[in-house]
Every structure is written in structure tokens, then in C-alpha cells.
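Structure assessment
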There are 2 protein chains.
Amino acid sequence: MSTNHRNGTPAYQRIQNAIRHRIESSHLKPGDSVPSERELAKVHKVSLMTARHALVGLEREGLVERRRGAGTFVATPKIQFNKLMSYTEHMSSRGLTPNSRVLVSRIIAGEPEVAARLGLPPNSALVKIERLRLTGEEPFALEACHLPAGEFSEVVNAPLGRASLFATLQYEYGVELAYADEEVDATAADGRVAELLGVAQGYPVLRIRQVIYSTKGKATIYVVGLYRSENHRLLIRRFR
Amino acid sequence: MSTNHRNGTPAYQRIQNAIRHRIESSHLKPGDSVPSERELAKVHKVSLMTARHALVGLEREGLVERRRGAGTFVATPKIQFNKLMSYTEHMSSRGLTPNSRVLVSRIIAGEPEVAARLGLPPNSALVKIERLRLTGEEPFALEACHLPAGEFSEVVNAPLGRASLFATLQYEYGVELAYADEEVDATAADGRVAELLGVAQGYPVLRIRQVIYSTKGKATIYVVGLYRSENHRLLIRRFR
DNA sequence: AAGTGGTCTAGACCACGGC
DNA sequence: CCGTGGTCTAGACCACTTC
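Below: a short report on this structure. (Residues numbered from 1 in each chain as written. Chains lettered and ligands numbered in written order. Predicted model: local features only at pLDDT ≥ 70, side-chain atom pairs only at ≥ 80, totals over all residues. Heavy atoms only, no water.)

A few words now on the protein's contact with DNA strand C. Looking at DNA strand C, there are 25 residues lining it, with A:Ala11, A:Ser47, B:Met49, B:Arg66 and B:Thr72 nearest. Near the protein, meaning within 4 Å, the atoms of DNA strand C are sugar or phosphate in a fraction of 69%, with bases accounting for the rest. Between DNA strand C and the protein, one listed contact pairs a phosphate oxygen with a backbone N or O atom of A:Ser47 at 2.6 Å. Separating a sugar or linking oxygen of DNA strand C from a side-chain N or O atom of B:Arg68 is a distance of 3.2 Å. The leading source of residues in the surface near DNA strand C is helix H4 (residues 48-61) of chain A, at three residues. (Near = heavy atom within 4 Å. Polar contact = N/O pair within 3.5 Å; in protein donor to acceptor, adjacent residues only side chain to side chain. Helix = DSSP H or I, 4+ residues; strand = E, 2+ residues; numbered from the N terminus.)

All right, on to the relation of the copies chain A and chain B then. Mapping chain A onto chain B calls for a rotation angle of 180° and an axial translation of 0.1 Å; the resulting RMSD is 0.1 Å. Look at the turn and shift together and you get a two-fold axis relating the two. By residue overlap, the copies meet face to face through one surface: 100% of the interface positions of chain A are interface positions in chain B. (Least-squares fit on C-alpha atoms with pLDDT ≥ 70 in both. Contact = heavy atoms within 4.5 Å.)

Let's shift gears to the pairing of strand E9 (residues 219-228) of chain B. Residues and elements named next belong to chain B. Most of E9 sits out of view: nine of its ten residues are buried. Bridge count for strand E6 (residues 138-148) against E9 is six bridges, and the pairing is antiparallel. In the strand pairing of E9, His146 is matched with Tyr222. Pairing between strand E8 (residues 204-214) and E9: nine bridges, direction antiparallel. By the bridge assignment, Ile208 is partnered in E9 with Gly225. Adjacent in sequence and paired antiparallel, E8 and E9 are bridged by four residues, among which Gly217 carries a positive phi angle near 85°. (Buried < 20%, exposed > 50% of the residue type's maximum accessible area, 1.4 Å probe, protein only. Pairing = 2+ DSSP bridges.)

What follows deals with the sheet that holds strand E1 (residues 33-34) of chain B. Residue and element names in this part refer to chain B. With respect to topology, three strands assemble into an open sheet ordered E1-E3-E2, the strand pairing being antiparallel. Each having just a single partner strand, E1 and strand E2 (64-67) make up the two edges of the open sheet. Sheet analysis places E2 next to strand E3 (residues 71-74), joined by four bridges and oriented antiparallel. Looking across to E3, one finds that Val64 is bridged to Val74.

Keep in mind these numbers describe shape, not what the thing actually does.
Written as C-alpha cells, this is what we have:
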């Protein structure tokens, strides 16, 4: 498997990255056909199954559509489905500049419910980071992240105005995030939330509570997000 | 591929069904280990890749967890993630009896926005089916389904009090549903909705708008659902 | 050390789509 | 008809976890 040893990245991921890059740089536009499994296999010198693995992954992300007998095509860009992305990644993938204001960044304790979500004892110390997310000057979301203070106490000092929390975890702590379980419901904005988001009290907002797991399967971040739903839509693709 | 010809079902799906059945019938409980790829390959007389395909699928459904080096285990049953299910399937998978009241079941026209979602001309005739979903006597959701009247005009006469719409489409029309794109936001209950759902006017409800596609890739159903969010939570698993 | 999942090969046949 | 994706084989090596 010589090609796999060039670097640590599996071949199917290198193929995915190559295609992603061609889409992001607009060399491939929505509706364009993506090279077939057989063609990718030839070009990248891998077997059919490997080329196939790459395309199946991109389809589940919603980046491409595959039609039996016809081919694989760049999907119309509804936003990435079912893909765990940081706010920073999310914004820049849409050509927007991320902008947020850190409201809270300190160590807290005595939040048994949050601790439980992370699989910790009730009185565990936690890092809490609360940020107001903006598009330009307009606020659209309020996000509170919680992490175990035991491991991650130093993130309170990280430059979160600039760098993404995901990136900090990866580069400073070597923690890779793998997936998130999310719980979505609707709730009414209370006084403080209403003021921060610039809506009336009692106004409906979308609430997303997520537990983010590392590649080791360990609950690492608990996030509660409140979103003005005129601005922010949650898009999902579910399969049967 | 003799085993594949016994019936039309692919081998990996037969393996999935076998495992699903053992989980649903409680022969396998959360935390129990599921047979390894190699064991499944032996037992079902398929290759490793096929056994693997089966387990990977079950993992993405959230039914099992896989840990490298350790094995595959039955997941704690948070509810099926990212799986397109009918209300009927959803309820019965949790041991509950589906209960709903059909409010509207007729052919309409002049809904250009809905028609557009289904990829139809603005004034197309549509089948509209509106149902109030109940748990016992308590309403928790209001769902309006729309289908192209050209193909599906007869579903207005289907016994939707009993049979699921998904099942009707499959058995009466031979249409298999494949995936859905959903758009989720929060909105305020207006007068009629508030009354039907038994909440105050202006109360926040979860709105899910979904376009359901057939295996042919054709937009087939457009559903707008409004959910009382204390009762109904949307659970998602997203991967990085 | 034994067993597990993750990646990969070099082919194969089938069903389907578009020409 | 040819090219496409969907399924499948019978192996292989690696990295990892558990013992």
C-alpha cells in the first residue's frame, strides 16, 4: 500500500479532500459530474472499493449525489448535512467571516446536570465558555460550551476571539472530535437571552443541546445553543 | 452469489435485519457485544467486507457502537438517529400505539410554495393530508403532508386512520422512500395551531419541514410538522 | 498474544440509465 | 450498447484493546 504510507492519511480521505477542494474552489460546480468510481480508481491508483468508499462518504455529507446508472454529481449546496462543524468552519465554508463576543470564560462548579451530560460526578469543576455569535453586528446565537476542567482548564486562557475551540482542542490537547448527539427543541427567550439576541421576551428560539464525543468515544464538550430561528436553520438529511 | 438469489434482499441487509431482530426481541441488550465482523462472515457465509458493510450501517443508525480493537456493542437506545421513519414506525419501535386524527384529506391547488418544494409547476393539484398526532388523548403534533395529485390522488381514500402513509405508498404504489431533507426552526403557535395542540397562542413550537425523496431521487412528499417541544425532542447524531 | 475494527486489493456480476 | 453505481469475494496488513 505504498500510497498510504506517504503520509498518515488513508487513501479514501485523500480522494475526498481532492474532490472537496475542487468543489470549494469552484472547479466543480453544482450539477457537474464527479469522476466515476472507476476513473478515480485509475487516477489515484487505488482499488474500486477504495474509490467507492470515498464517494459514499461524500454523499452522506451531502456534498455529492449519486445516481445508479448515471453517475456522481456535485449537489446543490444546501449546506453540509449531518456534518459536525465548528461555528468557524461553518461560516468560512459559506464565505462568511466568523464574528463572536466572549461573554464568559472561567471555571465553574455545582452544575450537576451539565456534569452528568459529560459523564462526570455532580460537583466536578467545569470550564464554561459562553459566546454571542454575530453576523456582522447582528447577534443570532448564544452558545455555552462546557468541558471537564480536569483536562482542559487552560482553554479559559485560549484566544477564542480568534481561534476556534475545535482547533484549540486539536492542536493544544491532541483531542480529535468524532461525533455529536444533539437534542433539538423550541423554547421561549427569557429576559437575558432576549436582550442579548435582540428579540422580545417570550419569542421562540431554537435550542440545540449537544454532547460532542472525541474519537476515543469520550464525552468532551457539552454545548447549549440558542438560535434566532429566522436567521439560523438547521438542515438535516435522514436516510431510510 | 447463491445466497443473494434466495430472495431479492442483499446479504448485508439480511445480516442487519437478523441483528436488529435480536436487539428488538431483547436477546441482545444494550452493552452486549454483537458478533464480530469475522464471526458474522463465517455464520452468514459472506466475505469480511460484506459483514463489515452490515455493521457500519447499523452504527450510522445509532443501533450499535463500534470500538476499534474492542468490538461492536449494542448502543443504549437513545432512539434511532438519522433514520427516516414514519410516525407509525417511530411509535411502535418504542412500544407505543400510534394514535392520530385525520383533519384534512382532499385535493387542493393554488399552493405554489408547496408545489415548488415538490418540483412541480405553481398551480399543480396536490393531495393534502393533515393529521393531529396524539399520545393517548394528548395532542403533541400537527402534521400536513402534500403529494403530487397526478400520481397519488387515490391516497385521499386510503384508510390512514389505520395504515401508515409510508406503507400505503409502498404497497399500493410501489414507491420506496429513500431519504428526506429537513429544515428545522422554532415558531410561535398561531390561533388554530394553539387550539389543536392545546397550548397558549404565541407558545414556541418546533417546526420541521421535510421533503421526502423516493429511491428514484424524486421529491415525493412535502411534510410540515409542528411539535409541542416539551413532548417531542428531535435527536440527531452528526459525524465529523 | 489473540482478537477486533480500519484500510485496502484486484478482481467479479448485476441492475439500471442514457444514447 | 456502454458506462454507471450496488453488491460481493477471499484474501491482506495495520493499529488498537484486552488479557
